[in-house]
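Results of the structural survey
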Amino acid sequence: MRALIIGIGQCGTKIADIFSLVDFESLAINTSRGDLDYLKHIPPERRILIGESLTGGKGVNANPVLGREAMKRDLPMVMKKISSIVGYEDVDIFFLTFGFGGGTGAGGTPVLAEALKEEYPDSLVVAIGALPLKEEGIRPTINAAITIDKLSKVADSIIAIDNNKLKEGDLDISQAYERINYTIVERIASLLALIDVPGEQTLDASDLKFVLKAFGSFATVGYAKARADQVKSLSRLITRSFESEGLYLEANVESALYGLVAIHGPPEVLKARDIFEALDELTGRIKGKQIFRGFYPDPRERDVEVVTLLSGIYESKSIEDIIITAKRYAKSFMKAKAEAEEKKKTLLNGLPDFDDIYPTEEGIDG
Ligand SMILES: Nc1nc2c(ncn2[C@@H]2O[C@H](COP(=O)(O)OP(=O)(O)OP(=O)(O)O)[C@@H](O)[C@H]2O)c(=O)[nH]1
Ligand SMILES: [Mg+2]
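Rules used throughout
- All residue numbers here refer to positions counted from 1 along the written sequence of the relevant chain.
- Chains carry letters from A onward and ligands carry numbers from 1 onward, assigned in written order.
- Totals for whole chains, interfaces and linings use all residues, but because this is a predicted model, local features are given only for residues with pLDDT of at least 70 and pairs of side-chain atoms are given and counted only at 80 or more.
- Based on all heavy atoms of the structure, the side-chain values leave hydrogens and waters out of the count.
- UniProt positions are given in the numbering used here, feature names are shortened, and annotations may be inferred rather than shown by experiment.
- Strands here are runs of E lasting at least two residues and helices are runs of H or I lasting at least four, both read from the DSSP assignment and numbered beginning at the N terminus.
- The cut-offs for exposure are 20% and 50% of the maximum accessible area for each residue type, with area from a 1.4 Å probe on protein chains only; residues under the lower value are buried, those over the upper are exposed, and the others partly exposed.
- We call two residues contacting when some pair of their heavy atoms lies within 4.5 Å.
- Residue burial considers only the protein chains on display, and all accessible areas are found by Shrake-Rupley using a 1.4 Å probe.
- Here the positive residues are Lys and Arg and the negative ones are Asp and Glu; neither His nor the chain ends is included.
- To locate a charge, take NZ of a lysine, CZ of an arginine, CG of an aspartate or CD of a glutamate.
- Identification of polar contacts relies on pairs of N or O atoms within 3.5 Å, with a donor-acceptor requirement for protein atoms, meaning one able to donate a hydrogen and the other able to accept it, and with residues adjacent in sequence counted only if both atoms are side-chain atoms.
- Surface patches are defined over residues having more than 30% relative accessible area and no salt bridge, joining like charges when they lie within 9 Å and nonpolar side chains (Val, Leu, Ile, Met, Phe, Trp, Tyr) when within 5 Å.
- What makes a salt bridge here is a side-chain nitrogen of Lys or Arg within 4 Å of a carboxyl oxygen of Asp or Glu, nothing more.
- Nearness of a residue to a molecule or strand requires only that one of the residue's heavy atoms be within 4 Å of it.
- Grid spacing is 1 Å over the protein atoms alone, the probe is 1.4 Å, and a cavity is where that probe fits but cannot get out, while a pocket is an open set with protein on both sides within 12 Å along at least five of seven lines and lining residues have an atom within 4 Å of a point.
- Any molecule with more than half of its atoms within 2 Å of a cavity's or pocket's grid points is counted as sitting in it.
- Residue classes follow a fixed rule: Ala, Val, Leu, Ile, Met, Phe, Trp, Tyr, Cys and Pro count as nonpolar, while Asp, Glu, Lys and Arg count as charged, and any other residue, Gly among them, counts as polar.
- Axis lines are fitted to C-alpha atoms, over the contacting stretch for helices. Their N-to-C directions set the angle, which ranges from 0 to 180 degrees.
- Take the far helix as your reference; a near helix turned counterclockwise from it by less than a right angle gives a left-handed crossing, and one turned clockwise gives a right-handed crossing.
- Grid points are joined across faces, edges and corners, and a volume is the space filled by probe spheres set on the points.
- Buried Ala, Val, Leu, Ile, Met, Phe, Trp, Tyr and Cys residues that are joined via side-chain atoms within 4.5 Å together make up what is termed a nonpolar core.

For the protein chain, an unreviewed UniProt entry supplies the name Tubulin-like protein CetZ and the organism Thermococcus gorgonarius. UniProt lists a comment for the protein chain under the heading Function (unreviewed entry), and it reads "Involved in cell shape control."

Okay, here's the thing in structure tokens:
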């Protein structure tokens, strides 16, 4: 199972940088030279500055039109770099990490996703994006809504992380971002660590790809962990992994089409009856009724860890809030713009040109 992580924009490259720390192949792309310099773990030759001719390396200031243009202009350079990293061994999944609310990530990610799908038709492209905080205002919300629309047409799945879930703790914003970024990496890394490894009943890359190939709908990764000697009910732990406390997205898990559950822990806790009971319940709850499962008994392990991937989700309050707010704003903005244009036309209508007022000077005509 081979994954390549590509971070776009500041939020995305910060997340990719953590992936690099835990030994994933990662690449950072940004319009801001300063933000690229700030990364700690991705080696300098894997940091790509795009749109320099457009922005002078200073970022795009939350303007996705510039972010899109920067990615388009430098796409040949970006694709060449990716091809040199990919080499002769196939990549199963490209994970694109980014913030939905900014300019570089929101504008550039759909352009790159489309190019990757074209160049690597057998690989999956999965977008992992952070949704803006409500307090950030209308612009990030618009950026997010339009980017969701674009990605839903090119990506295989969109794993959206709702930053509004940050507010549930009492951390300051940068600590809170940090926490959410680590959580994203921990979840995806735990999931990928259980693919293609020997076990009782295991998951392989094709299972994971099947689940994530969900026509640009939403996916979410849940997680639960407990000390083995404190697990009273394995069924409860599995259930907890896919309930909202585990997910960072307000979503109706019952609208999911596919699921994948991986359980890792000491053999005496992984009792077949408990596992099947919990998985039966989950299978019954989700619309698609298809759950892939992997059990990994490990005598050295003292913790029980459950990773749950649900995909094909189309009901999410986090997403709906953004789309509805963006549509409402767009409608009133378009109306205000049309009124302004109409007003200008009426106001200026009937003015003469200079020539109607000033007699032609001798010397101009001949
Ligand atoms: N989870 C998380 N969200 C972040 C982080 N940094 C920024 N964001 C969110 O991402 C959005 C801003 O995206 P950025 O990545 O900063 O913007 P960018 O893609 O670099 O684009 P420009 O700065 O406009 O060039 C906002 O909605 C923030 O809430 C982070 O480290 N973690
Ligand atoms: Mg930036």
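Turning our attention to the overall build of the protein chain. Within the protein chain, the regular secondary structure consists of 13 helices and ten strands. With respect to the three principal axes, the spread of C-alpha positions in the protein chain is 105 × 40 × 40 Å. Burial statistics for the protein chain: of 366 residues in total, 52% are counted as buried. A fraction of 77% describes how many contacts in the protein chain between residues 6 or more apart in sequence connect residues 24 or more apart. A total accessible area of about 18400 Å² is found for the protein chain, and carbon and sulfur atoms account for 51% of it. Distance between charge centres in the protein chain, computed from 45 positive and 56 negative side chains, equals 3 Å.

This next bit is on the environment of S20. Among the secondary structure elements, S20 is positioned in helix 1 (residues 9–21). When its relative accessible area of 14% is taken as the criterion, S20 is described as buried. Along the chain, S20 and P43 lie 23 residues apart, while their C-alpha atoms are 8.9 Å from each other. Not counting chain neighbours up to four residues away, the residues in contact with S20 comprise S26, H41 and I42. At a separation of 3.2 Å, a polar atom in the side chain of S20 contacts the main-chain carbonyl oxygen of H41.

Moving on: a nonpolar patch on the surface. On the surface, a cluster of nonpolar side chains totalling about 370 Å² of accessible area is made up of I138, Y329, F333 and M334. Within the fold, F333 resides in helix 12 (residues 317–348). Under the relative-accessibility criterion, F333 is labelled partly exposed at 42%.

Around ligand 1, a shell composed of 22 residues is seen, among which C11, A62, T104, E136 and Y177 lie nearest. Between ligand 1 and G103 there is a distance of 3.0 Å, counted from an oxygen atom to a backbone nitrogen or oxygen. Within the side chain of T104, an N or O atom sits 2.7 Å from an oxygen atom of ligand 1. Expressed as a share of its isolated accessible area of 650 Å², the protein-covered part of ligand 1 is 90%. Judged by the proximity of its atoms to the pocket grid, ligand 1 belongs to the largest pocket. Contributions of two or more residues to the shell around ligand 1 are made by helix 1, helix 6 (104–119) and helix 8 (173–193). Considering every element that reaches the shell around ligand 1, the biggest residue donor is helix 1, with four residues. Residue composition of the shell around ligand 1, grouped by class: seven nonpolar, 13 polar and two charged.

Now for the UniProt feature "domain: Tubulin/FtsZ GTPase" (unreviewed entry) in the protein chain. Cross-referencing UniProt, the feature "domain: Tubulin/FtsZ GTPase" (unreviewed entry) maps to residues 2–199 in the present numbering. End C-alpha to end C-alpha, residues 2–199 measures 19 Å, and it is 49% helix and 18% strand.

Once that is clear, we can look at the packing of helix 10 (residues 234–242) against helix 11 (residues 272–285). The geometry of helix 10 relative to helix 11 is characterised by a closest axis approach of 8 Å and an angle of 35° between their N-to-C directions. In this structure, helix 10 meets helix 11 at a crossing whose hand is right-handed. Two secondary-structure elements touch here, helix 10 through L234, S235, I238, T239 and F242 and helix 11 through D274, I275, E277, A278, E281, L282 and R285.

On to the layout of surface pockets, then. Here the largest pocket defines a volume of roughly 530 Å³. Surrounding the largest pocket, 29 residues form its lining, Q10, C11, G99, G101 and G102 being those nearest its centre. Elements supplying a minimum of two residues to the lining of the largest pocket: helix 1, helix 6 and helix 8. At five residues, helix 1 tops the list of elements feeding residues into the lining of the largest pocket.

Another point: the nonpolar core. One finds I6, I82, F94, L112 and L116 to be the most contacted residues of the largest nonpolar core, which totals 69 residues. Residues within four places of F94 in sequence aside, it is in contact with L4, I6, I82, V86, L116, Y120, S123, L124, V125 and V126.

UniProt's feature table lists "binding site: GTP" (unreviewed entry) at Q10, C11, G12, T13, K14, G103, T104, G105, E136, N163 and N181, given in the numbering used throughout. Lining the largest pocket, from the residues just named, are Q10, C11, G12, K14, G103, T104, G105, E136, N163 and N181. For K14, the position within the fold is in helix 1. The partly exposed category is assigned to K14, whose relative accessible area is 25%. Look past the residues within four positions of K14 in its chain and what remains in contact with it is L39 and N181. With relative accessibility at 4%, the residue N181 sits in the buried group. Excluding its chain neighbours within four sequence positions, the residues that come into contact with N181 are K14, I15 and I18.

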